[in-house]
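# Chain and residue survey
As a plain string of letters, each chain reads:
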Amino acid sequence: MTQTSFFPDIPRVARALPLLGEQKDIRYFASPSRSVLNSPAATGMGFWSINPYLGCAFGCAYCYARYAHRYTTERLTSSDGASPAAFGDELPPWLAFERRIMIKHSAPALLRRELARAGTLEALRNERMVIGTATDPYQPAERRYRITRGLLEVIAEQRGMGVTIITKSPLVTRDIDILTTIRDRSRLCVHVSLITVDRELARRLEPRAPTPEARLRSIARLRENDIEVGVNVMPVLPGITDAPHQVDALICALAQVRASYVGACALRLRATARTRYLPFIAAEFPELESAYRRAYATGHQVGERYRSGLRARFKAVCERYGVAYGYPPAVENQLGDPMSADSQLALALEPS
Ligand code: SF4
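## Describing the pattern of salt bridges
- As enumerated under the stated definition, the model contains 19 salt bridges in all.
- A salt bridge links D25 to R208; the nearest nitrogen and oxygen atoms lie 2.7 Å apart. Of this pair, D25 sits in the loop between β1 (19–23) and β2 (26–30) while R208 sits in the loop between α9 (199–205) and α10 (212–224), and the two are 183 residues apart along the sequence.
- With relative accessibility at 32%, the residue D25 sits in the partly exposed group.
- On the basis of relative accessible area, R208 is assigned to the partly exposed category, the value being 33%.
- Note that R215 is salt-bridged to E206, the shortest N-O span being 2.7 Å.

Quick look at the structure:
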């Protein structure tokens with residue numbers, strides 16, 4: 001995937017973006033996007049994707065999606081005469097990602113128009129659409145702007161689609177009314193991201209994201225409404241969330257809330273995630289810093305020996321608790337195996 005292909009629709013502008021609102025230390029801006037549905041050809045991924053927002057207020061330390069925000073900022077500010085203050089450029093890019101959120105306020109209308117294009121619906125019926133590959137579609141902004149809900153209303157008008165929603169937020173349960181309609185008319189699964197059930201650890205790693213307990217409750221509610229819920233244990237953080245007792249506690253909790261299946265993937269560290277994550281490790285887990293630098297010295301992946309050991313651990317624990325390990329064929333055929341070294345799914349879903 002190239003960075004330039006991810007947001008092919010954003011024009012260069014020589015002005016600041018319109019400010020829509022503020023909430024504590026977060027500012028919301030109107031996104032200049034003129035399309036919302038990214039095709040597999042545009043992103044290089046094997047599925048369609050939609051991101052209702054640019055940036056994400058949950059601010060996970062390991063988030064890889066920060067690059068998307070930086071790319072957008074640069075496009076907005078690099079043309080001749082552009083304001084250097086398109087939004088929050090007083091903040092370093094990694095922090096602007098969390099505090100300067102762009103709202104795709106016309107996304108539902110754009111989606112309706114894009115679905116009406118010849119051939120798009122047919123393609124979508126054979127492939128899968130993933131909502132939330134580079135942002136959380138149910139981050140706090142969604143309470144006010146309701147962009148994701150608007151998109152789901154458009155999707156609910158259609159039949160025969162394959163839809164995956166990725167989130168860390170229990171706000172997804174607000175939309176159970178629409179989700180059940182989509183479930184009845186299409187193939188729906190919600191992927192809730194959860195890497196630990198240790199509340200204190202989660203707070204250090206994902207400082208503004210909902211607690212593990214809140215996410216577990218949302219899984220239970222979705223399952224009570226017969227909605228498939230896969231759980232993305234992504235990324236598994238070496239030395240931090242991968243101990244046998246941690247994996248055991250996590251899968252045990254997922255069994256209790258009847259999660260439909262579990263996918264897991266070890267941390268990948270590409271350039272922009274590395275510039276945020278390694279200093280974070282140095283500050284928060286200094287005893288692990290040199291091991292991380294060694295493990296990721298020659299690439300973005302930790303070694304195959306570690307990954308195959310992790311796969312075996314998850315498989316065994318899932319079997320013990322009766323939780324399906326890995327994605328069901330209908331999902332894996334379209335999104336791939338998250339554990340595989342070149343998994344497109346893992347590349348797209350690492351953050352959320
Ligand atoms: S990992 Fe997901 S939830 Fe966390 S900041 Fe990135 S996009 Fe948001």
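## Quick word on the sheet that holds strand β12 (residues 324–325)
- If you trace the 8 strands from one edge of the open sheet to the other, you get β3-β4-β7-β8-β9-β10-β11-β12, paired in mixed fashion. The open sheet has two edge strands, β3 (37–38) and β12, and neither has a second partner.
- As paired elements, strand β7 (residues 129–131) and strand β8 (residues 162–167) share 3 bridges and run parallel to each other. Each residue of the ladder has a partner; that of V130, found in β8, is T164.

## Points about the packing of helix α7 (residues 147–156) against helix α8 (residues 176–185)
- The geometry of α7 relative to α8 is characterised by a closest axis approach of 9 Å and an angle of 30° between their N-to-C directions. Considering their axes alone, α7 and α8 lie roughly parallel with respect to each other. With respect to the hand of their crossing, α7 and α8 are arranged in left-handed fashion. Across the interface between the two elements, R149, L152, E153, I155 and A156 from α7 touch D177, I178, L179, T181, I182 and R185 from α8.
- Residues of the contact of α7 with α8, tallied by class, amount to 6 nonpolar, 1 polar and 4 charged.

## Some details on the packing of helix α4 (residues 107–115) against α7
- Orientation of α4 relative to α7, taken along the N-to-C sense of each, is 25°, at an axis distance of 8 Å. By the criterion of interaxial angle, the relationship of α4 to α7 is roughly parallel. Read as a crossing pair, α4 and α7 show a hand that is right-handed. Taking contact as the criterion, the partners of A107, P108, L111, R112 and L115 in α4 are, on α7, I147, G150, L151, V154 and I155.
- By residue class, the composition of the contact of α4 with α7 is 8 nonpolar, 1 polar and 1 charged.

## As for the sheet that holds β1
- Taking strand neighbours across the sheet as the criterion, the 4 strands line up as β1-β2-β6-β5 in an open arrangement whose pairing is mixed. What marks the edges here is a single partner per strand, and that holds for β1 and β5 (53–54).
- As paired elements, β1 and β2 share 4 bridges and run antiparallel to each other. By the bridge assignment, G21 is partnered in β2 with Y28.

## Remarks on the pairing of β2
- The element β2 is largely enclosed, with a buried count of 4 among its 5 residues.
- Both β2 and strand β6 (residues 100–103) contribute to a ladder of 4 bridges, which runs parallel. From the neighbouring strand, Y28 faces β6, where its bridge partner is I101.

## A few points about unusual backbone geometry
- M234 connects to P235 through a cis peptide bond whose omega is 0°.
- Of note, P235 is situated in strand β10 (residues 228–236).
- At R146, a residue that is not glycine, the phi angle is positive and equals roughly 55°.
- As for its position among the elements, R146 is in the loop between α6 (141–145) and α7.

## Here's the deal with the packing of aromatic side chains
- One pass over the full model with this rule turns up 6 aromatic pairs.
- Taken together, a centroid distance of 5.5 Å and an interplanar angle of 70° make the contact between Y277 and Y292 edge-to-face. Residue Y277 is located in helix α12 (residues 271–284), and its partner Y292 is located in helix α13 (residues 289–295); the two are separated by 15 residues in the primary sequence.
- Classification of Y292 by relative accessible area gives buried; the value is 3%.
- Here the aromatic residues Y277, F280, F285, Y292 and Y296 are joined through ring pairs into a cluster of three or more.
- Its guanidinium or amino end placed over the ring of W94, R276 lies 4.0 Å from that ring's centre, counting from NZ or CZ.

## Things to note about the environment of M234
- Here M234 shows up in strand β10.
- Residue class for M234 comes out buried when judged on its relative accessible area of 0%.
- Between the C-alpha atoms of M234 and L194, which are 40 residues apart in sequence, the distance is 7.2 Å.

## Topic: the side chain of E142
- As for its placement among the helices and strands, E142 is situated in helix α6.
- Looking at E142, the relative accessible area reads 0%, which means it is buried.
- A distance of 2.6 Å separates polar atoms of two side chains, one belonging to E142 and the other to Y53.
- There is a polar contact of 2.9 Å between the side chain of E142 and the backbone nitrogen of I147.
- If we ignore the near neighbours within four places in the chain, the residues touching E142 are Y53, P137, I147, T148, R149, L171 and R174.

Calculation notes
Residues numbered from 1 in each chain as written. Predicted model: local features only at pLDDT ≥ 70, side-chain atom pairs only at ≥ 80, totals over all residues. Heavy atoms only, no water. Salt bridge = Lys/Arg side-chain N within 4 Å of Asp/Glu carboxyl O. Helix = DSSP H or I, 4+ residues; strand = E, 2+ residues; numbered from the N terminus. Buried < 20%, exposed > 50% of the residue type's maximum accessible area, 1.4 Å probe, protein only. Pairing = 2+ DSSP bridges. Axes fitted to C-alpha atoms, helices over the stretch in contact; angles between N-to-C directions. Parallel < 35°, antiparallel > 145°, perpendicular 65-115°, else oblique. Left-handed = near helix turned anticlockwise from the far one by under 90°. Contact = heavy atoms within 4.5 Å. Nonpolar A, V, L, I, M, F, W, Y, C, P; charged D, E, K, R; others polar. Phe/Tyr/Trp six-rings, centres within 6.5 Å; stacked < 30°, edge-to-face > 60°. Lys NZ or Arg CZ within 6 Å of the ring centre and 35° of its normal. Polar contact = N/O pair within 3.5 Å; in protein donor to acceptor, adjacent residues only side chain to side chain.

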